[in-house]
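Structural overview for review
What follows is each chain in one-letter form.
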Amino acid sequence: MIDVILHALPIAIIASTPLLLAVEGELVVQRAGMINLGIEGMMLVAAMTGVIGQQLTRSAAAGFVAGIAGAMVVAALFGVFAIRYRADQIVTGTAVNLLAAGATGFVYQALRGGALFFVPPMPEQVQRLVVLLAWLVVPAALGLLLWMSRFGLRLRAAGENPEVLAHVARYRWCALAIEALLAGTGGAFLSLALSSGFAENMTAGRGFIALSIVIFGRWNVRGAIIGTALFGIAAALQYTLQAMNIGLPYHLLLALPYVVTLLILCGIAGRVRAPEALGR
Amino acid sequence: MKRTAVIIVTALLAVACNQKQESTSTPTSAAPAPKSVMHVGLLTPGSINDAGWNALAWEGVQRIQKELGAEVSHQETKTPAEILEGFKSYGAKNYDLAFGHGFEFQDAAKQAGAQYPKTIFITTSGNTVAPNVAPMVFELEQATYLLGIIAARESKTGKAGLVGGINLPSIASTFLAFKAGAQSVNPKFEVKEIYTGNFDDLGAAKLATQSLINAGCDFIFHQANEAGRGVFQACQEKHVRCFGSNKNQNDLAPDVIVASAVLDVPGAFVTVAKKVQSHQFKPEIQYLGMNEGIVSLVWNDKLKPAMKPETIAEVEKVEQGIRSGTVKVPRGF
């Protein structure tokens, strides 16, 4: 069994990298007092613009830049409604997701699918670099930024007690930009490194899973990493279990990552306290 | 006030996005005009640009439009309620023929068929037959049986892996035949199966494929439609050989795809539509396989020379057997 887990571990870590980037991004916005359901749409748009960028320039770097740019556009749309006009965040996020699914589907169909969206495998060094960034560099940077800097203190104040802060909107926009940077990278990584290109609805709910991992991880970086790692390893392991043909129905095994993550995070999380002004 | 405005905009967006995509096109003027124009509708469970299962149906309906001068229409229907509504809409408009593209369309076809007796409802795969309802049954198993033989003959590890989207009877049946083909060569040959639970998540299909490769499989066959691209990418990275399904997918990853099990769905649609147009339709299961020219095994010419000559000879021999009826390929339903 240990052997099986060790085999599954590296591919699990790579496969759950887009999820981790999304979790990290959503952690920042929720700390600033926003629930961005639109992260699913953000990743989906990034997955598409990333592929277009890569195919036009034949460069993975340009693919990531295009992916981030796509996510920024979606973030700006969410921000205009949720920050500038203080619209309901849940409703705005849902609308953003519907729009993103429709828009990417439309472009995909208009371009007739096919060759433009079938990209060659990404060089392994680039993949490793992104994985390293997501699992080590970004968590360290977020820890420093959110809890060791004046900027981080104010950003968290926007989520806890916005009344005492002079420029709430400014910090929320910053948080949204950080999220777009991370989720955009995640979306582009998903389509370029893990999927050989874009397909409709290819994010398959990763944004929503990220949202719940942030909550079950108690809005801190450690919880985010543990939660994502648990989910990713369980997801890879259940495929290994399916391949071993142990006689369990595959639907049960497909549910395994959700159940495991839920149980373990509930067990270690204890009392949960959300940012005071979350959603306001 | 602002909040209300946003909610209204959101609601409008939601409605706009949920509108079913319906497209109707008229026949080209050059087509020979029969006495009355035949109307043909198509319901697909997913996007017609998936370069797979659904794209084939759309191509079939377009060929009906071109070759039989029919007027055609398409709707994407995902839920049972949408499917029934889609069929009924064609029945209510007195369409001559409505296709439901998959096993899961049978119940709705039967229900709509009883309500609209003038329309003939055809489901792609299934077993439900009524006076105006019949399934087309593609015998893709004939080709996946041959793929199983190739895998068992050429594998060095004695293991092959199968990646499926959802465990639908039509998919499980092709896997069953693959397994039977492989085990006809070597009864101890191991075939491992994984389902990812959907047809959209290419990343999940890739992860599933990697798990199979880790478990020692050195041939991979998929039935994951669009998500199959994730399978090919995993195979490309590890230089593991694999097979294409439904369409000739050999060009998608020419270095690793050895052969494709090809189903000429467009041809099958035209065959059935011709029967309906000439009033020769009989309410019975419409079997369409190698003998009807609908199913075939297409080698990747680049990789075929790397195969053992015995493998190729055996595949040819068994194919003859299937065509003449001496080799019986098992079906899952």
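None of the values given here were measured: they were computed from a predicted structure.

Parameters at a glance
Residues numbered from 1 in each chain as written. Chains lettered and ligands numbered in written order. Predicted model: local features only at pLDDT ≥ 70, side-chain atom pairs only at ≥ 80, totals over all residues. Heavy atoms only, no water. Helix = DSSP H or I, 4+ residues; strand = E, 2+ residues; numbered from the N terminus. Rg over C-alpha atoms; globule rule 2.2 N^0.38 Å. Buried < 20%, exposed > 50% of the residue type's maximum accessible area, 1.4 Å probe, protein only. Contact = heavy atoms within 4.5 Å. Lys, Arg positive; Asp, Glu negative; His and termini not counted. Charge placed at Lys NZ, Arg CZ, Asp CG, Glu CD. pLDDT = per-residue confidence, 0-100. Buried area = accessible area lost by both parts, 1.4 Å probe. Salt bridge = Lys/Arg side-chain N within 4 Å of Asp/Glu carboxyl O. Polar contact = N/O pair within 3.5 Å; in protein donor to acceptor, adjacent residues only side chain to side chain. Expected span 1.5 Å × (residues − 1). Axes fitted to C-alpha atoms, helices over the stretch in contact; angles between N-to-C directions. Parallel < 35°, antiparallel > 145°, perpendicular 65-115°, else oblique. Left-handed = near helix turned anticlockwise from the far one by under 90°. Phe/Tyr/Trp six-rings, centres within 6.5 Å; stacked < 30°, edge-to-face > 60°. Lys NZ or Arg CZ within 6 Å of the ring centre and 35° of its normal. Disulfide = S-S within 2.5 Å. Pairing = 2+ DSSP bridges. Core = buried A, V, L, I, M, F, W, Y, C linked by side-chain atoms within 4.5 Å. Domains from an automatic or database assignment. Nonpolar A, V, L, I, M, F, W, Y, C, P; charged D, E, K, R; others polar.

Moving on: the overall build of chain A. Check the secondary structure of chain A and you find 11 helices and 0 strands. When the helices and strands of chain A are listed from N to C terminus, the series reads α-α-α-α-α-α-α-α-α-α-α. Whereas a compact globule of 280 residues would reach a radius of gyration of roughly 19 Å, chain A reaches 19 Å, a difference of no more than 12%. Buried positions account for 56% of the 280 residues belonging to chain A. Summarising the internal contacts of chain A: among those between residues at least 6 apart in sequence, 79% fall at separations of at least 24. With 17 positive and 11 negative side-chain charges, chain A shows a spacing of 8 Å between the two charge centroids.

Another point: the confidence of the model for chain B. Caution applies to low-pLDDT regions: their predicted coordinates should not be interpreted in detail. All names here are of chain B. Here chain B averages 88 in pLDDT, and 89% of its residues register 70 or above. Confidence scores differ between elements of chain B, with helix α1 (residues 2–18) showing the lowest mean pLDDT of 49 and helix α5 (residues 141–154) the highest of 97. Below pLDDT 50 for its whole length, residues 11–22 participates in 18 contacts with residues either more than four positions away or in separate chains. When the criterion is pLDDT under 50, residues 26–34 qualifies, and its contacts beyond four places in sequence or with other chains add up to 11 contacts.

Bringing the interface of chain B and chain A into the picture now. Taken together, the contact pairs 38 residues of chain B with 43 residues of chain A. The junction of chain B with chain A conceals about 3600 Å² of combined surface from both sides, 58% of it contributed by carbon and sulfur atoms. Considering only the surface of chain B that becomes buried against chain A, N49(B), L207(B) and R229(B) emerge as the three largest contributors, covering 17% of it. Applying the counting rule to chain B against chain A returns 1 salt bridge. In this structure, D201(B) engages R206(A) in a salt bridge whose closest nitrogen and oxygen atoms are separated by 3.0 Å. Where chain B meets chain A, there are 13 residue pairs in polar contact (both at pLDDT 80 or more).

Residues and elements named next belong to chain B. Look at helix α6 (residues 169–185): 25 Å from first C-alpha to last across 17 residues, which is about the 24 Å you get at 1.5 Å a residue. Taken together, the buried positions of α6 are I171, S173, T174, F175, A177, F178, G181, A182 and V185. In this structure, the buried side of α6 is in contact with α5, β7 (159–164), β8 (190–195), β9 (219–223), β10 (241–246) and α10 (309–324).

In helix packing, the relevant descriptors are the interaxial angle and the interaxial distance, both defined with respect to the helix axes. All names here are of chain B. Contact pair helix α2 (residues 53–68) / helix α9 (residues 265–277): the axes reach a minimum separation of 8 Å and the direction vectors enclose 45°. One way to sum up the angle between α2 and α9 is to call them oblique. Between α2 and α9 lies a crossing whose hand is right-handed. The residues of α9 that touch α2, namely those facing L56, A57, E59, G60, V61, R63, I64, E67 and L68, are V265, P266, G267, F269, V270, A273, K274 and Q277.

Moving on: the packing of aromatic side chains. Summed over all chains, the structure comprises 13 aromatic pairs over all chains. Pairing Y90(B) with Y95(B) gives two aromatic rings, centres 4.8 Å apart and planes at 40°, and the pair type is tilted. For the pair Y90(B) and Y95(B), one class covers both residues: buried. Aromatic ring contacts, followed pair by pair, group Y250(A), F175(B), F178(B), Y195(B), F219(B), F221(B) and F243(B) into a single cluster. Against the face of Y85(A) rests R84(A), its NZ or CZ located 5.1 Å from the ring centre.

Moving on to the state of the cysteines. In the structure shown here, the tally under the stated rule is 0 disulfides over all chains. Unpaired in terms of disulfides, C235(B) finds its nearest cysteine sulfur in C242(B), a separation of 3.9 Å.

Our next topic: the pattern of salt bridges. All names here are of chain B. On inspection of all chains with the given rule, the structure shows 13 salt bridges over all chains. A salt bridge links E237 to K206; the shortest N-O distance between them is 2.9 Å. You can see E237 sitting in helix α8 (residues 228–238) and its partner K206 sitting in helix α7 (residues 202–214), a full 31 residues away along the chain. When its relative accessible area of 29% is taken as the criterion, E237 is described as partly exposed.

All names here are of chain B. For E314, the location among the structural elements is in helix α10. There is a polar contact of 2.5 Å between the side chain of E314 and the side chain of R153. E314 has contacts with I149, R153 and V185, leaving out every residue within four places of it along the chain.

Residues and elements named next belong to chain B. With mixed pairing, the 6 strands of this open sheet are ordered in space as β8-β7-β9-β10-β11-β13. Each edge of the open sheet carries a strand with a single partner, namely β8 and β13 (295–299). Adjacent strand axes in the sheet meet at a mean angle of 20°, parallel and antiparallel pairs treated alike. Here β9 pairs with β10 via 3 bridges, running parallel. Among the inter-strand pairings, F219 is bridged to a residue of β10, identified as R241. The sheet contacts of α7 involve β7, β8 and β9, and relative to β7 the element is tilted by about 165°.

The next subject is unusual backbone geometry. Residue and element names in this part refer to chain A. Even without glycine at this site, R86 takes up a positive phi of about 50°. Relative to the assigned elements, R86 resides in the loop between α4 (60–84) and α5 (89–110). Residue R86 is classed as exposed on the basis of its relative accessible area of 54%.

Looking now at the nonpolar core. Residues I64(B), F99(B), I220(B) and F243(B) are the most contacted members of the largest nonpolar core, which totals 99 residues. Both domains that furnish three or more residues to this core are identified here as domain 1 (39–138 + 266–292) and domain 2 (141–262 + 303–324) of chain B. Beyond its immediate stretch of four places on either side in the chain, I64(B) contacts M38(B), V40(B), G69(B), A70(B), F99(B), F269(B), V270(B) and A273(B). With 73 residues, the next largest nonpolar core counts L21(A), V23(A), V51(A) and F198(A) among its residues.

Here the focus is the packing of helix α6 (residues 124–148) of chain A against helix α10 (residues 221–244) of chain A. Residue and element names in this part refer to chain A. Put simply, α6 and α10 touch, their axes get as near as 10 Å, and they point 155° apart. By the criterion of interaxial angle, the relationship of α6 to α10 is roughly antiparallel. Where α6 approaches α10, its residues W135, P139, L142, G143 and W147 are matched on the opposing element by V221, I225, T228 and A229. Among the residues making up the contact of α6 with α10, the classes are represented as 7 nonpolar, 2 polar and no charged.

Here we take up the domain arrangement of chain B. All names here are of chain B. Domain assignment breaks chain B into domain 1 (39–138 + 266–292) and domain 2 (141–262 + 303–324). Between the C-alpha centres of domain 1 and domain 2 there is a distance of 28 Å. Taken together, the 13 residues of domain 1 in the interface contact 14 residues of domain 2. Roughly 1200 Å² of surface becomes buried between domain 1 and domain 2 when both sides are summed, with 57% attributable to carbon and sulfur atoms. There are 0 salt bridges connecting domain 1 and domain 2. For the pair domain 1 and domain 2, the interface holds 3 residue pairs in polar contact (both at pLDDT 80 or more).

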